[in-house]
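# Chain and residue survey
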Protein chains: 2
Amino acid sequence: MFDVKSVDEVIKIIKESFSDIVLKTEVVDIKEAVGRVTVEDVISGEEIPVFNRSSVDGYAVISSDTFGASDSTPAQLRLVGEVKMGEKPEMNLQRGKAVYVPTGGQLPKNADAVVMIEYAENYDDGFIYINKAAAPGSSVVFKGDDIKEGSIVIRQNHVLRPQDIGMLAALGFQNIKVKNKVRIGIISTGDEVVGIDAVPKGAKVRDINSYALYSAVLNDGGIPKLYGIVEDNFDKIKEMVEKALLESDIVLISGGSSVGTRDETFKVINSLGLPGILVHGIAVKPGKPTILGKIYDKAVFGLPGHPASAFVIYKIFVSYLMDIINGIGPKLKKTVRAKLSCNYPSNNGREEFIPVKLEEADGKTLAVPVFGKSGLISILTSADGYVHKRRGYEGIPSGQEIEVILF
Amino acid sequence: MFDVKSVDEVIKIIKESFSDIVLKTEVVDIKEAVGRVTVEDVISGEEIPVFNRSSVDGYAVISSDTFGASDSTPAQLRLVGEVKMGEKPEMNLQRGKAVYVPTGGQLPKNADAVVMIEYAENYDDGFIYINKAAAPGSSVVFKGDDIKEGSIVIRQNHVLRPQDIGMLAALGFQNIKVKNKVRIGIISTGDEVVGIDAVPKGAKVRDINSYALYSAVLNDGGIPKLYGIVEDNFDKIKEMVEKALLESDIVLISGGSSVGTRDETFKVINSLGLPGILVHGIAVKPGKPTILGKIYDKAVFGLPGHPASAFVIYKIFVSYLMDIINGIGPKLKKTVRAKLSCNYPSNNGREEFIPVKLEEADGKTLAVPVFGKSGLISILTSADGYVHKRRGYEGIPSGQEIEVILF
């Protein structure tokens, strides 16, 4: 039989059970690569810059020519030319001479420093008068200073950020090999669930979870696919999960809030293959009836039927599983520090994810718990995030500073 | 002439100058609506739930039948049936009787509470024995409890989250009117800049900014378009900016790190239309040479040429401008609290965005400033975020707790 697991235990099970999954890879244009995960280290085939470059608008000099220069005794250097942007200067700079160089321009040979125009007077008499000594290397980015040839510029298993795309551009990479996006199949179950195009009759409700989960997967960079609504029937659920498993890395079975449906979901996951069920019940509110199984190298979640519960469990566990399959560390979440607006009682010290709304009052940020009966969709839309109350705490006192994890 | 502006002044100018811009709208499938911005309030045309619904697996009762029930004196009620999931019960519940209802099932008429199965014994003798009194309304979500007909469920100018998409599904919306994505044209200037497919010759460098900015716009939910590289020539820059303005809400002119190029960019923005230049220089490191203009109802930024500077200015000001044009409050940024790893000197009290790398040491998070000469692309790829040092502070001491804004 299965013990109900704690949140930390489930996180550990996910990490241990799914770290071995290897996503296929594809090569994409760097313009489409932001947010994608690298497969291998990116190694520079070049040096950047490939020339000694000025980092200011100023005068390229031989630094020792400026030693001792000051306002009262400026160094007088003959101005012998100007380097044009993007052009390679052909001259060799000689002692006692200076050349104008724009920011980003190449220094002539022998020059080892640039004096900013602010520190040089030019009276148009053929000379410049430098009133501050320049140390060797000042205002110069030397060849290879930024990137050495052969160095690792982006690691494997790294989520590409805009600045990484800039790095790839700098090195002339037009394409990059990345992991395929995680594919997530979404199945709704429940005899009470009807499509969103239907007018619910009797005691039916529209399929909320499919659309909230679909959107959450999109937000997390996965590829969601809806498999529609399946009635509470072992064979039909099994058939649909098998179909979804062929096309997905993770299958989410949502709905099934009643004991009967949860039992069917459990039986289906248990029947599909090895190792089978890993988690049957999590000691957390909301989300107790969550089921997690592994079928060969795929994951199957049985999510709670309540939209609010299903969504919170998605945020905590499915999103984490996506990171594990991607081979990346858990993504940092957006958080806000706030003061709890009221006492939050929790008599039994149970672990909870408490939905809260943020409000500003007297220049302070307050976290107001959104109370309501389980399963209300309006709880989630009115909440800005949640507070993770760990096990063993008998509640949180009003005014306590807490961390709110934003949805 | 233009005074150099502070960061706060530029933020204020952006808010005041661009809040009047009205984006066109489009109607999209709710499956593609996450992250998009609503145009108008969404009003419920229905009540949710449309029936009195049980929030547990249990027995629907008339609550007064259970008053006084306890372990020693359970209330004995005749079990007269079972409500099937999704079905409307036809019976009227009578006093002294109970009906099994699954979670999410509809209560029969007259029932006003549900007793969880944990608090009822069923010996299969036709009765159930309830050992805990149920208050009226307990474990019931009444008709309209979640959402009232005519209530505003999602506000205008709201960025749609997955749970909002769930709300739309609940109410049967298959489509939603949203604002068009902000279109951002990106132009690179500079005689030294070549395409990423080129092998840079002489003192040329590849076009880093176009690709970093393109990816940043994608990340921020805008539509980027690259207009390529234009040489440092007033007429050519002007022609390209005019073309980009026709197809964009914001045009970014990147590059032009030298004084000469910055002058051309200034002249071009100043020549295009009214009100023209709003900001010419920002008192911040990096990003001093930033230019911002408004041409009729479009924005034009002249960004610094250094990739690191251009990217930081994008994060602070362009991203904010996108929020303003979208009519939404500034998006909350991902932040992490960390201790500064070393003294950060800043002799003149200048406002700075300091790139930092996060490291873990002894269970603490350290923010390590990434020093380096301006313009190095590797600064940005090795940094995890930045610290905003406000004006007037003469540096930050080692060990001080600071907020790191993640890239």
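Only a predicted model underlies this, so the values are computations on that prediction, with no experimental measurement involved.

### Concerning the overall build of chain A
- A count of helices and strands for chain A gives seven helices and 27 strands.
- The C-alpha atoms of chain A give a radius of gyration of 31 Å, which is well past the 22 Å a tight globule of 407 residues would have.
- Taking the principal axes of its C-alpha atoms as reference, chain A extends roughly 95 × 50 × 40 Å.
- Split into buried and exposed, the 407 residues of chain A put 55% on the buried side.
- Taking as baseline every contact in chain A between residues at least 6 positions apart, the subset at least 24 positions apart corresponds to 71%.
- Once the 48 positive and 52 negative side-chain charges of chain A are each reduced to a mean point, those two points are 4 Å apart.

### What to know about the relation of the copies chain B and chain A
- Rotating chain B by 180° about the axis while translating it 0.0 Å along that axis superimposes it on chain A, leaving an RMSD of 0.1 Å. Considering both components of the superposition, the chain copies are consistent with a two-fold axis. The rotation axis passes nearest to the C-alpha of Lys334 of chain B in chain B, at a distance of 2.4 Å.
- Both copies share a contact surface, since 100% of the interface residues of chain B are interface residues in chain A too.

### Let's talk about the interface of chain B and chain A
- Contact residues are listed per partner, giving 77 residues for chain B and 77 residues for chain A.
- Note on chain B versus chain A: buried area summed over both sides is about 6,500 Å², and carbon and sulfur give 62% of it.
- For the salt bridge of Glu46 of chain A with Arg206 of chain B, the shortest nitrogen-to-oxygen distance reads 2.7 Å.
- Scanning the region where chain B abuts chain A turns up 15 residue pairs in polar contact (both at pLDDT 80 or more).
- For the side of chain B that touches chain A, the per-class residue count stands at 35 nonpolar, 20 polar and 22 charged.

### With respect to helix α1 (residues 7-18) of chain A
Residue and element names in this part refer to chain A.
- Along its 12 residues, α1 runs 16 Å from first to last C-alpha, staying within 8% of the 16 Å computed at 1.5 Å per residue.
- When we look at burial in α1, the residues that qualify are Val7, Val10, Ile13, Ile14, Ser17 and Phe18. Viewed end-on, α1 has its buried residues packed into an arc of 120°, placing them on one side of the element. Residues of α1 that are exposed and point over 90 degrees away from its buried face: Lys12 and Glu16.
- Here the buried face of α1 lies against β18 (275-280), β19 (291-295), β20 (298-302), α6 (307-326), β23 (352-361) and β25 (385-389).

### Some remarks on the confidence of the model for chain A
- When pLDDT is averaged along chain A, the result is 92, and 98% of the positions lie at 70 or above.
- If you check the scores for this complex, the pTM reads 0.93 and the ipTM reads 0.92.

### Considerations on the packing of aromatic side chains
Residue and element names in this part refer to chain B.
- Throughout the structure, instances matching the rule amount to 10 aromatic pairs over all chains.
- Seen in terms of ring centroids, Tyr386 and Phe407 are 5.7 Å apart; in terms of plane orientation they differ by 40°. Their pairing is tilted. Within this pair, whereas Tyr386 is found in strand β25 (residues 385-389), its partner Phe407 is found in the segment after β27 (401-406), the two being separated by 21 residues in sequence.
- Overall, Phe407 belongs to the buried group, its relative accessible area being 17%.
- Directly above the aromatic system of Phe18 lies the positively charged group of Lys294, at a separation of 5.4 Å from the ring centroid.

### What about the sheet that holds β27 of chain B?
- As summarised here, the arrangement of the five strands in space is β21-β24-β23-β25-β27 (chain B), forming a closed barrel in which the pairing is mixed. Here the average twist between neighbouring strands, direction ignored, is 55°.

### Side note on the side chain of Glu351 of chain B
Residues and elements named next belong to chain B.
- Note that Glu351 resides in the loop between β22 (344-345) and β23 (352-361).
- Here Glu351 occupies a buried position and makes no salt bridge, while the nearest side chain of opposite charge, Arg390, is found at 4.1 Å.
- Side chain to side chain, Glu351 and His388 meet in a polar contact 2.7 Å long.
- The residues contacting Glu351, other than those within four sequence positions of it, are Val7, Ala283, Val284, Lys285, His388, Lys389, Arg390 and Arg391.

### Let's talk about the packing of helix α3 (residues 208-219) of chain A against α6 of chain A
Residue and element names in this part refer to chain A.
- Where α3 meets α6, the closest approach of the two axes is 11 Å, and the angle between their N-to-C directions is 30°. By the angle between their directions, the pair α3 and α6 is classed as roughly parallel. Crossing handedness for the pair α3 and α6: right-handed. Facing Ile208, Asn209, Leu213, Ala216 and Val217 of α3, the residues of α6 in contact are Pro307, Ala310, Phe311, Tyr314 and Met322.

### Here's the deal with the sheet that holds β20 of chain A
All names here are of chain A.
- Read across the sheet, six strands follow the order β16-β13-β17-β20-β19-β18 without closing on themselves; strand pairing throughout is mixed. Both outer strands of the open sheet, β16 (223-230) and β18, are each paired with one neighbouring strand and no more. Across this sheet, the average inter-strand angle for adjacent strands is 15°, counted without regard to direction.
- Examined bridge by bridge, strand β13 (residues 183-189) and strand β17 (residues 250-255) share six bridges and lie parallel to one another. Note that in β17 the partner of Ile184 across the bridge is Ile250.
- Here α3 sits on the sheet and contacts β13, β16 and β17; the angle it forms with β16, its principal contact strand, is near 170°.
- Each of β13, β16, β17, β19 and β20 is contacted by helix α4 (residues 234-247), which is oriented at about 165° to β16, the strand it contacts most.

### Digging into the packing of helix α1 (residues 7-18) of chain B against helix α6 (residues 307-326) of chain B
Residues and elements named next belong to chain B.
- Remark: α1 packs on α6, axes separated minimally by 9 Å, with the N-to-C direction vectors making an angle of 25°. Considering their axes alone, α1 and α6 lie roughly parallel with respect to each other. For the crossing formed where α1 meets α6, the hand is right-handed. Contact residues: Val7, Val10, Ile11, Ile14, Lys15 and Phe18 in α1; Ile316, Phe317, Tyr320, Leu321, Ile324 and Ile325 in α6.
- Residue composition of the contact of α1 with α6, by class: 11 nonpolar, no polar and one charged.

### Side note on the environment of Ile325 of chain A
All names here are of chain A.
- Its place among the elements puts Ile325 in helix α6.
- Exposure remark for Ile325: the relative accessible area of 1% places this residue in the buried category.
- Separated by 76 residues in the primary sequence, Ile325 and Asp249 place their C-alpha atoms 8.6 Å from one another.
- Not counting the four nearest positions on each side in its chain, Ile325 is found in contact with Phe18, Ile21, Leu23, Val182 and Ile250.

### Here's the deal with the environment of Ile176 of chain A
Residues and elements named next belong to chain A.
- Looking at the element boundaries, Ile176 is found in strand β12 (residues 175-179).
- The exposure class of Ile176 is buried, given its relative accessible area of 8%.
- In this structure the C-alpha to C-alpha distance between Ile176 and Val27, which are 149 residues apart in sequence, comes to 5.4 Å.
- The residues contacting Ile176, other than those within four sequence positions of it, are Glu26, Val27, Val28, Ile30, Ala33, Val42, Leu160 and Leu168.

### Some points on unusual backbone geometry
Residues and elements named next belong to chain A.
- In this model, Ile48 is joined to Pro49 through a cis peptide bond whose omega is -15°.
- You can see Pro49 is positioned in the loop between β2 (42-43) and β3 (53-54).
- With omega at -5°, the peptide bond leading from Leu274 into Pro275 counts as cis.
- Along the chain, the position of Pro275 falls in strand β18.

### Structural notes on the pattern of salt bridges
- A full pass over the atoms with the stated rule returns 27 salt bridges over all chains.
- Note that Lys12 of chain A is salt-bridged to Glu16 of chain A, the shortest N-O span being 3.8 Å. Of this pair, Lys12 of chain A and Glu16 of chain A both sit in helix α1, separated by four residues, roughly a single helical turn. When sorted by exposure, Lys12 of chain A lands in the same class as Glu16 of chain A, which is exposed.
- Among the salt bridges present, the one from Lys236 of chain B reaches Glu231 of chain B, with a minimum N-O distance of 3.2 Å.
- Take Lys236 of chain B: its relative accessible area is 40%, and that puts it in the partly exposed class.
- Taking relative accessible area as the criterion, Glu231 of chain B reaches 40% and is therefore assigned partly exposed.

The rules behind the values
- Each residue is numbered by its place in its chain's sequence as written, counting from 1.
- Numbering of ligands from 1 and lettering of chains from A proceed in the order in which they are written.
- Local features in this predicted model are restricted to residues whose pLDDT is 70 or higher, and side-chain atom pairs enter the listing and the counts only when it is 80 or higher, whereas totals over whole chains, interfaces and linings include all residues.
- Each side-chain value is worked out from all heavy atoms of the structure, with water and hydrogens disregarded.
- Where helices and strands are cited, they refer to DSSP runs of H or I of at least four residues and of E of at least two residues respectively, numbered from the N terminus.
- With the radius of gyration taken over C-alpha atoms, the globule rule is written as 2.2 Å times the number of residues to the power 0.38.
- When a residue's accessible area, from a 1.4 Å probe over protein chains only, is under 20% of the maximum for its type it is buried; when over 50% it is exposed; and in between it is partly exposed.
- By the convention used here, residues are in contact when the closest approach between their heavy atoms is within 4.5 Å.
- Here the positive residues are Lys and Arg and the negative ones are Asp and Glu; neither His nor the chain ends is included.
- To locate a charge, the coordinates of NZ of Lys, CZ of Arg, CG of Asp or CD of Glu are taken.
- Only residues with pLDDT of at least 70 in both copies contribute their C-alpha atoms to the least-squares superposition of the copies.
- What counts as buried area is the accessible surface, traced by a 1.4 Å probe, that two parts surrender upon association, with contributions from both included.
- We count a salt bridge whenever a side-chain nitrogen from Lys or Arg sits within 4 Å of a carboxyl oxygen from Asp or Glu.
- N or O atoms within 3.5 Å of each other form a polar contact, as long as, within protein, one can give a hydrogen and the other can take it, and as long as residues adjacent in sequence are counted only when both atoms are side-chain atoms.
- For this classification, the nonpolar set comprises Ala, Val, Leu, Ile, Met, Phe, Trp, Tyr, Cys and Pro, the charged set comprises Asp, Glu, Lys and Arg, and every other residue, Gly included, is treated as polar.
- Expected helix span is taken as 1.5 Å per residue step, with the number of steps being one fewer than the number of residues.
- Arc definition: directions from the helix axis to the C-beta atoms.
- A residue's pLDDT is simply how confident the predictor is in it, with values from 0 to 100.
- Any Phe, Tyr or Trp ring, taking Trp's six-membered ring, that has another such ring centre within 6.5 Å forms a pair; planes under 30 degrees apart are called stacked, those over 60 apart edge-to-face, and the others tilted.
- Criterion for a charge above a ring: Lys NZ or Arg CZ within 6 Å of the ring centre, and within 35 degrees of the ring normal.
- For two strands to count as paired, DSSP must find a minimum of two bridges between them.
- Axes, fitted as lines to C-alpha atoms, cover a helix only where it is in contact. Angles between the N-to-C directions of the axes lie from 0 to 180 degrees.
- Any angle that falls under 35 degrees is termed roughly parallel, while one over 145 is termed roughly antiparallel, one within 65 to 115 roughly perpendicular, and all others oblique.
- Two helices that cross are described as forming a left-handed crossing if the nearer one is turned anticlockwise from the farther one by less than a right angle, and a right-handed crossing if clockwise.

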